[in-house]
Each structure stands twice: as structure tokens, then as C-alpha cells.
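Spelled out, the chains give:
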Amino acid sequence: MRHLPKIAAIAIPIGLCACFSGYSLVKQQTPDVKIPNTSVQLPLNKDNTATFLAALPPTTPNRELLVQSWDSYRQRFIQNDGRVIDYEASDRSTSEGQAYAMLRAVIIDDADTFARTLDWGEKNLRRQENGKYLDSLWAWKWGKRSDGTWGAIDNNFASDGDIDAVTALIFASRRWNRPEYLELARTKLKDLWDGSTAIGFGGKRYLLPGPSAAFIPNASTLHLNPSYLATYAFRIFAQVDRERDWLGLVETSYQVLEKSTQLSKVGLPSDWVALDIKTGQYQILPASSPIQSLYSFDAYRVWWRVALDATWFNSPQAKRYLQTSTKHLQKMWREQKRLPASIDLQGKQLVNYEATSQYAMLYAAWRLTEPKLGKEILEQKLLPQYKQGIWGDHSAYYTQNLAWLGLINPGVLPKQLLQAN
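The chain appears in an unreviewed UniProt entry as Glycosyl hydrolase from Brunnivagina elsteri CCALA 953. Recorded in UniProt for the chain, the comment headed Sequence similarities (unreviewed entry) runs: "Belongs to the glycosyl hydrolase 8 (cellulase D) family."

The following block contains the structure:
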């Protein structure tokens, strides 16, 4: 979709970036499912997998599986030039996909893949207009255009992709002693702040999901996506960029998370919500809107992002949120041993299928707050979906990323990556 100057038309494609970027469905498991033995040594395909293994402490749960799945992912989904391909969406690429690859690469000490995916993003996704760069942020969607050429299809950015990319750049600068990565991160942080934050209730800053033209539909309303709120990242950004109030964004992010869940009778986060700037009230988006207020594929990532803040920064708010906001899912799991992929604000199941990506993100949360339930979904829903390096469908780009990011214990990250030098 070409760049549009008006609000409503732009918000639609950005909002769909995460929700429909490809996922696999979990079939109902029979009671006699054989649970894989995680202590089995899985075969590795590349010589440099020894480096990947060394990046993870020997006590890391599912260590060999995580290495094998990363090796499989980079061979299947990442071209030699660094482009990450979403096969389920017309072979497109997204800023989200490039950023996930960068984040995974730095966690597992894969400097080569990191450099290639960053390079492709910088060469192909930098936002341009009339041949000139607009800023250092990335266009969210790249693919085959209607005239048969390949390039940026939508020049808008999605802030979650840029947040994950900047986080990965800061980690990479520290892990591999690459100061140029830190300088690029600082440049992107300035543009991200200027382009993707806005004054909301009480005169405080809030994170927008993308450009203000797309997500401020009128003078009194912000459209927000709770799954983009990366409070752990904002704490890291504050270490390297002291000119902007990133810690203030931590405060408003938790306000959004805690208050917007009150829209749901069962206390679940929504894919999308609206904030009335004048009153501070959160609102459900109208049924006619292409972006909806319900618990589904975007909202899953709330569990993972909040769990990172709980693990890396010992945030009491994060731990409390994970415990209170997953109570309905705890109840459903205990009663049914399965969770539907989509639930409305009343707690009604909207679909009959399940999603591996939901279980992975929930596992990241329950590993901390409900370890018994976390172990159950790991053994009953995540490990049975894994076969020879892939979770579910071999073309399911979104599932591969969320499964891996949810499964890896964030505590394995070297401490020096989380602290400013």
C-alpha cells in the first residue's frame, strides 16, 4: 500500500503486521501424545553451531533444541543477503522479521547472521520519499509490487520492529565491542522518539504503534497496541540516550497495560485499544474498525515482553501484571487443558483452534509465576509441535520466532549486555 497522508487508511496495514504475519495452528492433542525427551542430543547441521552452543550455559533448558531450531530457521527463512522471508504472506519481508532475526542472533552469538540481517534492513527498509531518506527507521513492509518490481510496499514504520532492532543493536555493541552499532542505535532512538511517541493523558508521553498520522485519529484520541510496550527496552534505551525520558515511557506503558485490561471482563490484554487523552479513559475500538479490541495474535506478545522486564530488571509491576492478567487463562487451562487462539472481552472463545505462538508467549510468563502450568504447556503443547528444527508448518515464520523467543530463558543473556559500560 502506498503512503497515504490521512489517518484511517494508514492504520490498517500496520496493525495487521504482527497479527497475520504467519502462524501455525495447534491440533488437539490426544491423551497418549509422546512427549519428546529434552535431554536427547539433537543433530546439528553447521560447523559454527558449536559457537551457538557455547553462547548458552550448559544448564540452559532445551539448549540443543534452541540451537538446532535457530540453525534451521536461518537456513530456511533468511537469504544469503540477510533478507528474512515470510512465506505465508506472499514472500514479503517486514521490519519485525528483520528485528526478530537480529535479536535472536545476538542472544545466540551469531555475529554473521546479525550483520547480514541488519545490512539488508538498512539497504532496503530505510524510509524514503522522492529519493531522500526521511529518517533512520524502517518501512514495515517490503515485497513484490503491483508492477512486478520488489521494494518497500508501505513506507510507514511499525514501532515494535524498530524497538526490537534497536535493542538488538545495543546488545550487539556490547557483546561484540562494536561502537558503530551503538551509534546507529542512538540515531534510531532519536527518530523513534520523535516519530512514535505522543503526548497523552496528563501531559505524559505514550508509545504509538507507528507514525502519529496513523494512530492519532483525532485531537483527543490515541490508538495503542499493548503488545508493542517493551518496558525492558525502554530501561535499556535510558542507559544510552539520556536526552529523552524513556523511563517516563515505562510508567505510561504500565498504565496502558494495567488500565486497558479493565476493558476485558476477564482481565486480558487486547490487540488494540483507544485512549481518551482528555479523560484518561480507555475505550474499545468500534466493531467497524479494521483493528479490534480482543485477545488474539498481537496480544500474546504482552506476556513475553512483560516477562523480560520481570527477569532482566526484577520489576515488581511486571510480576504482578503477569500473575493477575493471566488468571482467566490459568482457569481455562486447568479446566480444559487447551486455550483458544482468540477470546473476546467478555471471555468468550471466538475460534476452535489453538496457536503455538500463544503457548510460547504464555510459557515465558508462567515460567516465572506459575511454573507448574508452564511445565504443562511446554510438555503438552510446545514440544510436541517441534519436529526437526521447525514448530508446526514449515512456512510459519511468525510461529518460529515466537516459539523460540518464548522458550529461551532470558536469564541466559550475559549480564554485561543489560548494563551500560
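**Student:** Would you explain the environment of Ser-260 in this entry?
**Tutor:** If you trace the backbone, Ser-260 turns up in helix H10 (residues 246-260). For Ser-260, a relative accessible area of 1% puts it in the buried group. Sequence separation between Ser-260 and Ala-274 is 14 residues; the distance between their C-alpha atoms is 8.7 Å. Filtering out sequence-adjacent residues up to four positions away, Ser-260 remains in contact with Pro-226, Gln-255, Val-273 and Tyr-282. Among the polar contacts listed, one links the side chain of Ser-260 to the backbone oxygen of Val-256, at a separation of 2.6 Å.

**Student:** What am I meant to see in the packing of helix H6 (residues 159-175) against helix H9 (residues 231-240) here?
**Tutor:** How two helices pack is summed up by the angle between their axes together with the distance between the axes. Viewed as axis vectors pointing N to C, H6 and H9 meet at an angle of 55°, and their least axial separation amounts to 10 Å. With respect to H9, the element H6 is oriented oblique. Viewed along their axes, H6 and H9 form a crossing whose handedness is left-handed. Judged by residue contacts, Ile-163, Asp-164, Val-166, Thr-167, Ile-170, Phe-171 and Arg-174 of H6 engage Tyr-232, Ala-233, Phe-234, Ile-236, Phe-237, Gln-239 and Val-240 from H9. Partitioned by chemical class, the residues of the contact of H6 with H9 number ten nonpolar, two polar and two charged.

**Student:** Before we go on, may I ask you to explain the packing of helix H5 (residues 111-124) against helix H7 (residues 179-196) in this structure?
**Tutor:** Closest axis-to-axis distance for the H5/H7 pair is 14 Å, and the angle between their directions is 40°. Between H5 and H7, the angle falls in the class oblique. Between H5 and H7 lies a crossing whose hand is left-handed. Of the residues in H7, those touching H5 at Phe-114, Ala-115, Leu-118 and Glu-122 are Tyr-181, Leu-184 and Lys-188. Within the contact of H5 with H7, the residues separate by chemical class into five nonpolar, no polar and two charged.

**Student:** What am I meant to see in the sheet that holds strand E6 (residues 150-154) here?
**Tutor:** In sheet architecture, strand pairing relies on hydrogen bonds along the backbone and comes in two forms, parallel and antiparallel. Read across the open sheet, the three strands follow the order E2-E5-E6; overall the sheet is antiparallel. Only two strands of the sheet have a single neighbouring strand rather than two, namely strand E2 (93-94) and E6. Summarising the sheet, E2 and strand E5 (residues 141-144) pair through two bridges and their orientation is antiparallel. By the bridge assignment, Thr-94 is partnered in E5 with Lys-141.

**Student:** Hey, could you run me through the packing of aromatic side chains in this one?
**Tutor:** What describes a pair of aromatic rings is the distance from one ring centre to the other and the angle between the planes of the rings. Considering all chains together, one arrives at 22 aromatic pairs under this definition. Residues Tyr-232 and Trp-312 carry aromatic rings whose centres are separated by 5.6 Å and whose planes lie at 75° to one another, so their mutual orientation is edge-to-face. Of the two residues, Tyr-232 sits in helix H9 while Trp-312 sits in helix H11 (residues 301-313), which places them 80 residues apart along the sequence. In this structure an aromatic cluster arises from ring pairing among Trp-70, Tyr-73, Phe-77, Tyr-87 and Trp-404. Between the NZ or CZ atom of Arg-76 and the centre of the ring of Phe-77, over which it lies, the distance is 5.9 Å. Across from the ring centre of Tyr-73, 4.4 Å away, lies the NZ or CZ of Arg-104, which sits over that ring.

Conventions and cut-offs
Residues numbered from 1 in each chain as written. Predicted model: local features only at pLDDT ≥ 70, side-chain atom pairs only at ≥ 80, totals over all residues. Heavy atoms only, no water. UniProt positions renumbered as here; feature names shortened; annotations may be inferred. Helix = DSSP H or I, 4+ residues; strand = E, 2+ residues; numbered from the N terminus. Buried < 20%, exposed > 50% of the residue type's maximum accessible area, 1.4 Å probe, protein only. Contact = heavy atoms within 4.5 Å. Polar contact = N/O pair within 3.5 Å; in protein donor to acceptor, adjacent residues only side chain to side chain. Axes fitted to C-alpha atoms, helices over the stretch in contact; angles between N-to-C directions. Parallel < 35°, antiparallel > 145°, perpendicular 65-115°, else oblique. Left-handed = near helix turned anticlockwise from the far one by under 90°. Nonpolar A, V, L, I, M, F, W, Y, C, P; charged D, E, K, R; others polar. Pairing = 2+ DSSP bridges. Phe/Tyr/Trp six-rings, centres within 6.5 Å; stacked < 30°, edge-to-face > 60°. Lys NZ or Arg CZ within 6 Å of the ring centre and 35° of its normal.

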